[in-house]
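Observations on chain architecture
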Amino acid sequence: MGEREQKLEAAGFPLDRGPKEGAVIDLLSVLGDTVYASGQVPYDAGVLTSKGKVPSQVSVEEATRAAALCAANILRAVVLKLGSLDRIERVVRVTGYVNADPDFTDCHLVINGATNLLKEVFGPEAGRHARTALGMGQLPLGTSVEVEAIFQLRK
């Protein structure tokens, strides 16, 4: 296990609790040196851990932890499909979606959960990325958050 995988596990996200590949979509799509990671919801070993509107049904703190779990699931998918997080040169972009109440304007704070985990695992330079955080009227399965990412592969 590499240093990045160790950092992910030390942050509380064991590698063996990640997503499984579905019949309809791939966890990752690789084109040249770019990895497009499908959106992940807050599943932990197949259990949906955060469902509902932020902040009326799910607190900002819980949703922020759920965003970190979404990012962890993306990283778990990278390990599953590419064998190691060391294959990644840097995080390029993250898009986070928050199942938000109509007047909630702090979606960016929720998605900080994902951003902070990526910086912790990849370091301050390789983990730095462009980002968008969007409030949505609904997300799949009623989850509180979903996160997708784009990475650059090492040459």
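- Per an unreviewed UniProt entry, the chain carries the name RidA family protein and comes from Gemmata algarum.

1. With respect to the overall build of the chain
- Looking only at helices and strands, the chain has three helices and seven strands in total.
- Of the regular secondary structure in the chain, the N- to C-terminal order runs α-β-β-β-β-α-β-α-β-β.
- Taking 155 residues into account, the globule formula puts the C-alpha radius of gyration at 15 Å, and the chain, at 14 Å, falls close to it.
- For the chain, the spread of C-alpha atoms along the principal axes amounts to about 45 × 30 × 30 Å.

2. Re the side chain of Glu 5
- The topology assignment puts Glu 5 in helix 1 (residues 3-10).
- Despite being buried, Glu 5 has no salt bridge partner; Arg 4 is the closest side chain of opposite charge, sitting 7.3 Å away.
- Of the polar contacts made by the side chain of Glu 5, one reaches the backbone nitrogen of Leu 85; its length is 2.6 Å.
- Residues contacting Glu 5, with those up to four places away along its chain left out, are Leu 15, Val 79, Ser 84, Leu 85 and Asp 86.

3. Focus: the nonpolar core
- Within the largest apolar cluster, 43 residues are counted, with the highest numbers of intra-cluster contacts made by Leu 75, Ile 88, Val 98, Val 110, Phe 122, Val 145 and Phe 151.
- Contributing elements (two or more residues each) for this core: strand 2 (34-40), helix 2 (60-82), strand 5 (88-99), helix 3 (107-122) and strand 7 (145-153).
- For this core, the leading source of residues is helix 2, giving 14 residues.
- Apart from residues no more than four positions distant in its own chain, Leu 75 is found in contact with Leu 8, Leu 85, Leu 118, Val 121, Phe 122 and Phe 151.

4. Some words on the side chain of Asn 73
- Locating Asn 73 in the fold gives a position in helix 2.
- Excluding anything up to four places from it in sequence, Asn 73 contacts Arg 17, Gly 18, Pro 19, Gln 40, Val 41, Pro 42 and Tyr 43.

5. With respect to the UniProt feature "domain: Endoribonuclease L-PSP/chorismate mutase-like" (unreviewed entry) in the chain
- Here, the residues flagged by UniProt with the feature "domain: Endoribonuclease L-PSP/chorismate mutase-like" (unreviewed entry) are residues 7-142.
- Secondary structure across residues 7-142 comprises 32% helix and 25% strand; the distance between its end C-alpha atoms is 30 Å.

6. Topic: the environment of Leu 15
- Looking at where Leu 15 falls in the secondary structure, it is placed in the loop between helix 1 and strand 1 (28-31).
- Assessed through its relative accessible area of 23%, Leu 15 is described here as partly exposed.
- Along the backbone, Leu 15 and Ser 84 are 69 residues apart, and their C-alpha atoms lie at a distance of 11 Å.

Parameters and conventions
- Each chain carries its own residue numbering, running from 1 in the written order of its sequence.
- At least 70 in pLDDT is required for a residue's local features to be given in this predicted model, at least 80 for side-chain atom pairs to be given and counted, and no such filter applies to totals for whole chains, interfaces and linings, which use all residues.
- Values reported for side chains reflect all heavy atoms of the structure, with hydrogen atoms and water molecules removed beforehand.
- To qualify as a helix, a DSSP run of H or I must reach at least 4 residues; to qualify as a strand, a run of E must reach at least 2; elements of each kind are numbered from the N terminus.
- With the radius of gyration taken over C-alpha atoms, the globule rule is written as 2.2 Å times the number of residues to the power 0.38.
- Whether a residue is buried, partly exposed or exposed follows from its accessible area with a 1.4 Å probe, protein chains only, as a fraction of its type maximum: under 20%, in between, or over 50%, in that order.
- Only four residue types enter the tally: Lys and Arg on the positive side, Asp and Glu on the negative side; His and the chain ends are excluded.
- A pairing counts as a salt bridge when a side-chain nitrogen of Lys or Arg comes within 4 Å of a carboxyl oxygen of Asp or Glu.
- Between N or O atoms, a polar contact is any pair within 3.5 Å; within protein, one atom must be a potential hydrogen donor and the other a potential acceptor, and residues adjacent in sequence are included only when both atoms are from side chains.
- Only heavy atoms enter the contact rule, under which two residues are in contact if any of them lie within 4.5 Å.
- Each nonpolar core is a collection of buried residues, namely Ala, Val, Leu, Ile, Met, Phe, Trp, Tyr and Cys, held together in the definition by side-chain atoms within 4.5 Å.
- UniProt positions are given in the numbering used here, feature names are shortened, and annotations may be inferred rather than shown by experiment.

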